[in-house]
Amino acid sequence: MKIGPIEVWPPVVLAPMAGITNPAFRVLCREQGAGLFVCEMITTRALVERNPKTLKMIRFAESEKPRSIQLYGVDPVIVGRAVKMIAEEDLADHIDLNFGCPVPKVTRRGGGSALPYKRNLLRSILRQAVANAGPLPVTMKMRKGIDDDHLTYLDAGRIAVEEGVAAVALHARTAKQHYGGVADWESIARLKDAVQEVPVLGNGDIWSADDALRMVERTGCDGVVVGRGCLGRPWLFRDLENAFNGSTERATPTLGEVASVMARHAEGLTECFDIERYAIADFRKHVGWYLKGFTVGSELRRELATAESLDGLRESLAKLDASQPWPPNTDTPRGKSGERDRVHLPEGWLDDPYDGVVTEDAESDISGG
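One structure accompanies this document, and this report is about it. (Residues numbered from 1 in each chain as written. Predicted model: local features only at pLDDT ≥ 70, side-chain atom pairs only at ≥ 80, totals over all residues. Heavy atoms only, no water.)

1. Remarks on the overall build of the chain
- If you tally the helices and strands in the chain, you get 14 helices and 10 strands.
- In terms of overall dimensions, the chain has a C-alpha envelope of 60 × 45 × 40 Å along the principal axes.
- Here the chain, with 369 residues, has 59% of them falling under the buried criterion.
- Residue pairs in contact within the chain that sit at least 24 positions apart in sequence constitute 73% of those at least 6 positions apart.
- Just so you have it, the chain exposes about 15,400 Å², and 48% of that area is on carbon and sulfur atoms.
- The distance from the centre of the 46 positive side-chain charges to the centre of the 53 negative ones in the chain is 2 Å. (Helix = DSSP H or I, 4+ residues; strand = E, 2+ residues; numbered from the N terminus. Buried < 20%, exposed > 50% of the residue type's maximum accessible area, 1.4 Å probe, protein only. Contact = heavy atoms within 4.5 Å. Areas by Shrake-Rupley, 256 points an atom, 1.4 Å probe, with all protein chains shown as cover. Lys, Arg positive; Asp, Glu negative; His and termini not counted. Charge placed at Lys NZ, Arg CZ, Asp CG, Glu CD.)

Written as structure tokens, this is what we have:
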């Protein structure tokens, strides 16, 4: 799969996930298998303001090539400035634009998965991004639409091609679905039929490498984007590389091997956060994902999930039954789930799908990633 000048094999992309896809996690995933690994979503305004927190978030490990950044923005001018900054200062090798985030603090400003409803605004953002990217490929990730009555992905896909976007990725859910229900893989097939000039990547309900193969076979998509499926499972990328190369070998680490990865993950986070107690606190959310399916007593689970230092975490990890084999039937949903009652949108947002006006408070006035 080619995304502009970048050759990606296997055709696998690590989805940008807030609070997850920092350098510590990306390095673990890269060690397991190849692909394209995208950093956490960055706000364009924070980037052009050179907010220290944001600049820290776009740091890459020396081993990371190619470097991928995902941007979130609503104002075409600011998006263009952010993209130009990345290109001119060699901050990344690939830029992805977020039109898929479903969280209320984003959609109520008209951003993320709400934005493609405004076709002309979407076109303006893409045009500014591509025009300022120089040799860097620009891609976009989106959802099916706001809800089943306001689907936008086919129009958005055609606009993307017309504006020179190098690839499009579709999370086959609406914003209203959030992370609930079942991903509509047939919508990926429809997008592939409508957009044949550039690679189309599918996203949603890939919990194992075999799920990825089934998605490609069923939809004809050119590659896959993996998000929640790799939570607590960085070795999924080894499985994906094997699967796309025709091998049936799959990773089945023992609990001791998982514990070793957990320790390395926590150690990597201390380098990201600088302050150890913050790093260990951040790691707590990963504990349940790593241990899913294994037999671990409630007291030890609680001990691992409340560790306050690296040494304390290592001591607790040493208490795990290292010989315990990989549990069967663990390729099941992890992370966020559940559908929303409604999607929070700016007042009058649905009145005109071709209105390209940016609302006054569209760009967040809170700098940071």
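On we go from here.
2. Structural notes on the packing of helix α1 (residues 23-32) against helix α11 (residues 255-273)
- α11 packs onto α1 with a crossing angle of 140° between their chain directions and a minimal axis gap of 8 Å. Put simply, α1 runs oblique to α11. Of the residues in α11, those touching α1 at Pro-23, Ala-24, Phe-25, Leu-28 and Glu-31 are Val-261, Arg-264, His-265, Gly-268, Leu-269 and Cys-272.
- Across the contact of α1 with α11, the residue classes break down as 7 nonpolar, 2 polar and 2 charged. (Axes fitted to C-alpha atoms, helices over the stretch in contact; angles between N-to-C directions. Parallel < 35°, antiparallel > 145°, perpendicular 65-115°, else oblique. Nonpolar A, V, L, I, M, F, W, Y, C, P; charged D, E, K, R; others polar.)

3. A short note on the side chain of Thr-219
- By the secondary structure assignment, Thr-219 is in helix α9 (residues 209-219).
- Assessed through its relative accessible area of 6%, Thr-219 is described here as buried.
- A polar atom in the side chain of Thr-219 sits 2.7 Å from the backbone oxygen of Met-215.
- Within the local environment of Thr-219, its side chain forms a polar contact with the backbone nitrogen of Cys-221, the two atoms lying 3.1 Å apart. (Polar contact = N/O pair within 3.5 Å; in protein donor to acceptor, adjacent residues only side chain to side chain.)

4. Examining the pattern of salt bridges
- Here the structure, examined in full by the defined rule, presents 25 salt bridges.
- The residue Glu-64 makes a salt bridge to Arg-26 at a minimum N-O spacing of 2.6 Å. Taken together, the positions of Glu-64 in the loop between α3 (52-57) and β5 (68-72) and Arg-26 in helix α1 put the pair 38 residues apart, joining distant regions of the chain. Of the two residues, Glu-64 and Arg-26, neither departs from the other in class, the shared state being buried. (Salt bridge = Lys/Arg side-chain N within 4 Å of Asp/Glu carboxyl O.)

5. What to know about α1
- Most of α1 is tucked away: 9 of the 10 residues are buried.
- For α1, every residue scored as buried is listed here: Pro-23, Ala-24, Phe-25, Arg-26, Val-27, Leu-28, Cys-29, Arg-30 and Gln-32.
- Contacts from the buried residues of α1 go to β3 (12-14), β4 (36-43), α10 (236-244), α11 and α12 (276-291).

6. Here's the deal with the side chain of Thr-174
- Along the chain, Thr-174 turns up in the loop between β8 (167-171) and α8 (185-194).
- Apart from residues no more than four positions distant in its own chain, Thr-174 is found in contact with Arg-143, Lys-144, Gly-145, Ile-146, Asp-147, Asp-148 and Leu-151.

7. Considerations on the layout of surface pockets
- The space that makes up the second largest pocket amounts to roughly 230 Å³.
- As for the second largest pocket, its lining consists of 19 residues, of which Ser-208, Asp-239, Arg-250, Ala-251 and Asp-331 are closest to the centre.
- Elements with a contribution of two residues or more to the lining of the second largest pocket: α9 and α10.
- Its residues assigned to classes, the lining of the second largest pocket shows 8 nonpolar, 5 polar and 6 charged. (1 Å grid on protein atoms, 1.4 Å probe; cavity = no way out; pocket = protein on both sides within 12 Å on 5 of 7 lines; lining within 4 Å. Points joined across faces, edges and corners; volume = space filled by probe spheres on them.)

8. Looking at unusual backbone geometry
- Here the amide bond leading from Trp-9 into Pro-10 is cis, since omega sits at -5°, within 30 degrees of zero.
- As for its placement among the helices and strands, Pro-10 is situated in the loop between β2 (6-7) and β3.
- Cis rather than trans, the peptide bond between Lys-65 and Pro-66 has omega equal to -10°.
- Here Arg-50, not a glycine, exhibits a phi torsion of approximately 55°, which is positive.
- Among the secondary structure elements, Arg-50 is positioned in the loop between α2 (44-48) and α3.
- Positive phi, normally seen in glycine, also occurs at Asp-90, with a value near 55°.
- Along the polypeptide, Asp-90 turns up in the loop between α4 (76-88) and β6 (94-99).
- Taking the relative accessible area as the measure of exposure, Asp-90 reaches 48% and is therefore partly exposed.

9. With respect to the pairing of strand β10 (residues 223-226)
- In β10, alternate side chains face the same way, and those of Gly-223 and Val-225 on one face and Val-224 and Val-226 on the other are all buried.
- Where β3 lies against β10, 3 bridges are found, and the strand directions are parallel. Opposite Val-13, over in β10, you have Val-225 as the bridge partner.
- As paired elements, strand β9 (residues 200-203) and β10 share 3 bridges and run parallel to each other. Its bridge partner lying in β10, Leu-201 is registered against Gly-223.
- Viewed along the sheet, the connection from β9 through α9 into β10 turns out right-handed. (Pairing = 2+ DSSP bridges. Right-handed = clockwise from strand over helix to strand, strands pointing away.)

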